[in-house]
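Architecture at a glance
Listed below are the residues making up each chain.
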Amino acid sequence: MIFALVALAIGVFWVRAFYLQVIRHEHYVQAAKNDQLKEYEIPAQRGVIRAHNSDEVVPIVLNQKLYTIYADPVLIKDADKVANTLVNVLGGNAADYRKKLTAKDTRYVVLAKKVEDGKRQAILRNKYPGVGAQELSYRTYPNGSLAAQLLGFVNDEGAGVYGIEQALNGTLAGKAGELKAVTDVHGVPLAANSDNVRIAPVSGSDVVLTIDVAMQKQLEDILQKGVERAKSAHGSALIMDPNTGAIKAMANWPTFDPGKYGEVEDPAVFTNGAVATPLEVGSTMKPLTTAAALDMGAVSADTTYFDPASWTIEGYKITNVEEDGGPGRKNLAELLNLSLNTGATWLLMQMSKPGGTEITKQGREKWHDYLLHHYRFGQVTGIEQGYEAEGIVPDPNRGDARNLTYANTTFGQGITATPLQMAAAYSAMLNGGTYYQPRLIDQIIGPDGKAATVQPKVLARNVVKSSTSEAMQPLLEYVVKNHSATAHFDQSLYSVGGKTGTAQVAGADGRYKANDFNGTYVGFVGGDKPEYVISVVVYEPKISGYAGSVAAQPIFADLAGMLIANFGVTPRGR
Amino acid sequence: MGVVTRRSFASFDPTSGVRRHRPDYWLLVIGAALLAVGLIVVYSISPGLAAEQGSESALRLVYKQLVAVGLGVIAFAITANMPLKMWERLQTPLLIAAALSVVAVRVFGEEVNGAYRWIHIGGLSFQSVELIKFALLVWLAGFLAARIRAGTLGDFKQSFRPLLLILGALGVVVAGVQSDLGSTGVAVAIMASMAFVAGLPMRNLLLIGAGVVVLLVLAVSTTGYRQHRLMTFLNPAQDCLDTGYQACQALIAVGSGGMTGLGLGNSVQAFGYLPEAENDSIFAIYAEKFGFIGVTVLLGLFLAFFARIKRVMERAPDDVSRLLVVGIFTWLAVQAIINIGAMLGLLPLKGITLPFISQGGSSVVFVMALIGIVFQVSRYTLYSAPRQTDNRRYENIDDRRRVRGAYNANLGSRR
């Protein structure tokens, strides 16, 4: 009888085996594949970022292989032992590791990130079942925080965020490969299997920036000092080649270390304000207004006019912030030098009807055409940066109080632009009328090693006539000469011009704040022709005086002096 | 079965009773085949497992198994040549040795999940429960045979109470201290089958059975992980991640083997997916490698093996040897059924090895010692199975013929 029971059991087993192995075979093959066949992404090598340093090209973003140590709690046999090893190699708290190693309902816990190869080997040498390491490539920054916002960083998911890393993510990232393999429980592929598939990854391209590392360092240094001197919370500055659109240096203060972006408390510091933060630029708009009026023939370089020091438009009074010397005859040079709001408004009146003192629909539309299509405000420049802002150009016809609004735009209120848009518009105004797309990429080097040099890209021609450019340069030199900003350079040797702006700041309630102003400056340095255009903004400085003059202008002056001293600006007549 | 043979111990003597004759070599052939199957499977997964476990030697498990088989051959040589009457004298020494092993494991052994089951001696691990089962087997055979002789099987004080005490001790030691419900079950099954064959009154057997059921319910309902295991068994697919993991992976291994299997070197489940691949789960790995055809062969080998043991059991010359073989049969059969049943998802998982096949020192050594006993008994089997209470003995003449020096003249007279 006992044997009969055993024989019966064996018979039942045999039938059961037939059911599992023959009838349900496909089901279990599928279940096995779900478990055993793993698909991996083979990460592509991300392209490195280089930049110029006088005649050399030097790396500023490199890759480093680090490891994520992980565990499958189901397979951990002796959590205490593993935890002790981890503490010995990595430091940390044994209890924390133990908690992760004994986690329920999961088969993947991360024990440590960014572990160096030596430490990884020290851990894996013990061959604890269920403990593994995954290689990950991390960015390293030989120059620390240099150009941080401009570069951006690569997040934990391997995606570029902010700056170049975001804008050129596709170029830099390459194309990940794919591995499908039957693996052991640790994910280590077993020997050749017909289900295995491997597609090789394609490395990303390297890029060479237009940035000059030495100039960038000096810009950052000068900006930091200038922002701190003005007791401001933050500021931005950039240097652009007006004849190619190449950005030579671009920085924001405060900054961060992109290698430790995770430690940043306020993510606002990631933003490259020079391209991503539009603001009411204030009086730095006036040279553009002047150039537009000259260009459309509404005024000429030697035009004089009677400035009443006050206009009433649609019930509101437009007056001048700075000391204007009261009503009187003024020319364009004094209009800019004294930064006359009433003068800028008068220019819009001339666009409406030469000789008139009215603002008309026609005038608004002409000025709007220059703002939008010549100077290209209200749209992105297309620079290789994440989160570039468009800024706002008010509609010339739709909305209330268009005349007042448009009068305001002539001196940079009621319209917003980024420091980069201002630099690009000034460049076009000064270089004879060609609007080059601002750019940061000089070369792209493909995974095959072939380098493609990026050519300057023209976005608009005839922004202004070349005669207008020729007229504007001395007007802006005149402003610099009369603003005691000349300590660092000799204007007889070098052409240095520019314009301050002290812009009112709209508060949270939509009204302008009474005591806070942004200081801006846009100017140029060159010999016979401008070679560098500089754009500076210092937000809400807390020192007395007009923000443009006391906060932004000194930074411009330092930058102009720095360029002349160190970066081979061609003197006049050469 | 259930037949009580009233042949006294004293009469068991080759000179006065059944002659020593040719043993049942089929036991050796099939046993060796089963051991070979185990070695082949262990050999094929040893390198992979060695890599998983971080062992230096790729064939570490094979060497361990070969050492165990070597020790098993020695154990076999001893038991296969030990006079059968010796076992009654070894009753007490074996019980003492078993008790000592329990203490040793508790003191020197390695604690795993609150249970003390193992002791490590020079790279080999010794599982004390194997010795406990062996001592139980030998003691019961002697004890029950003595009660049969004295005619006191039905007496409460004489036979029933000692059995209850032993059962209680098993419960405390194996189920309690060693927390090994599976082995307790095997031991209880050995006791039950031997008591049944010895002819313990059915009333007493049922009483014990009811007690065991009550204890089992208590053990399961008071221990969280046992409850969990039971629920897992009832619904394995629900819980592939945690406790149901092993059961689930075992089914995947068996099922993915298909008709012909993945081939000897192509097991995937052994590489970390199925826990205890070389040990408790080895049947599933075998099924994955060799498919339904392989499973048919292996089940056939086990069936043939048990048939041979049954044959020896039915023709055992006296009570002690018969009861020994009954216990051995139950021991091996219950372990095989619990183990294979669990791998096929028909029974809950228990930490029970598959005799002959599973890697594991103590299991292999004791299994071979058991086969030695059966082999020795097979030298003294009677010609045919006794019927009812018929006291006539029949010698297996076919076997005797082949024994060198057997007397041909006696053949006829025995019939």
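Here is a short report on the structure shown in this document. (Residues numbered from 1 in each chain as written. Chains lettered and ligands numbered in written order. Predicted model: local features only at pLDDT ≥ 70, side-chain atom pairs only at ≥ 80, totals over all residues. Heavy atoms only, no water.)

**A short note on the interface of chain A and chain B**
Between chain A and chain B, the residue contacts involve 38 residues of the former and 47 residues of the latter. Looking only at chain A, the three residues that lose the most surface to chain B are Phe3(A), Phe13(A) and Gln21(A), adding up to 21% of its buried area. Inspection of the region where chain A meets chain B yields 0 salt bridges. The tally of links between chain A and chain B comes to 8 residue pairs in polar contact (both at pLDDT 80 or more). Among the elements of the structure, helix H1 (2-23) and helix H2 (25-36) of chain A are those that each provide at least two residues to the side of chain A that touches chain B. (Contact = heavy atoms within 4.5 Å. Buried area = accessible area lost by both parts, 1.4 Å probe. Salt bridge = Lys/Arg side-chain N within 4 Å of Asp/Glu carboxyl O. Polar contact = N/O pair within 3.5 Å; in protein donor to acceptor, adjacent residues only side chain to side chain. Helix = DSSP H or I, 4+ residues; strand = E, 2+ residues; numbered from the N terminus.)

**Focus on unusual backbone geometry**
Residue and element names in this part refer to chain A. Cis geometry marks the peptide bond from Trp-253 to Pro-254; its omega dihedral reads 0 degrees. As for its position among the elements, Pro-254 is in the loop between strand E12 (247-253) and helix H10 (273-276). With a phi angle near 60 degrees, Arg-376 is a residue other than glycine that sits in the positive phi range. Counting through the fold element by element, Arg-376 comes out in the loop between helix H14 (361-374) and helix H15 (402-410). The phi angle at Ala-401 is positive, at roughly 50 degrees, despite the residue not being glycine. Tracing the sequence through the fold places Ala-401 in the loop between H14 and H15.

**Regarding a nonpolar patch on the surface**
A cluster of nonpolar residues, Phe18(A), Tyr19(A), Ile23(A), Met259(B), Ile293(B) and Val297(B), forms a patch on the protein surface that exposes about 530 Å² of accessible area. Only H1 of chain A together with helix H10 (282-314) of chain B provide two or more residues apiece to the nonpolar patch. Ranked by the residues each element gives to the nonpolar patch, the list is headed by H1(A), at 3 residues. You can see Val297(B) is positioned in helix H10. (Patch = residues over 30% accessible without salt bridge, like charges linked within 9 Å, V, L, I, M, F, W, Y side chains within 5 Å. Areas by Shrake-Rupley, 256 points an atom, 1.4 Å probe, with all protein chains shown as cover.)

**Brief notes about the sheet that holds strand E8 (residues 177-182) of chain A**
Residues and elements named next belong to chain A. On the basis of which strands lie adjacent, the open sheet formed by 3 strands has the order E1-E8-E9 and antiparallel pairing. Looking along the sheet, the strands with just one partner apiece sit at the ends: strand E1 (37-42) and strand E9 (197-199). Across the sheet, the axes of successive neighbouring strands diverge by a mean angle of 20 degrees, strand direction being ignored. For E1 and E8, the ladder comprises 6 bridges, and the chain directions are antiparallel. Of the residues in E8, the one forming a bridge with Glu-39 is Lys-180. Contacting E1 and E8, H2 crosses the sheet at an angle of about 30 degrees to E1. (Pairing = 2+ DSSP bridges. Axes fitted to C-alpha atoms, helices over the stretch in contact; angles between N-to-C directions.)

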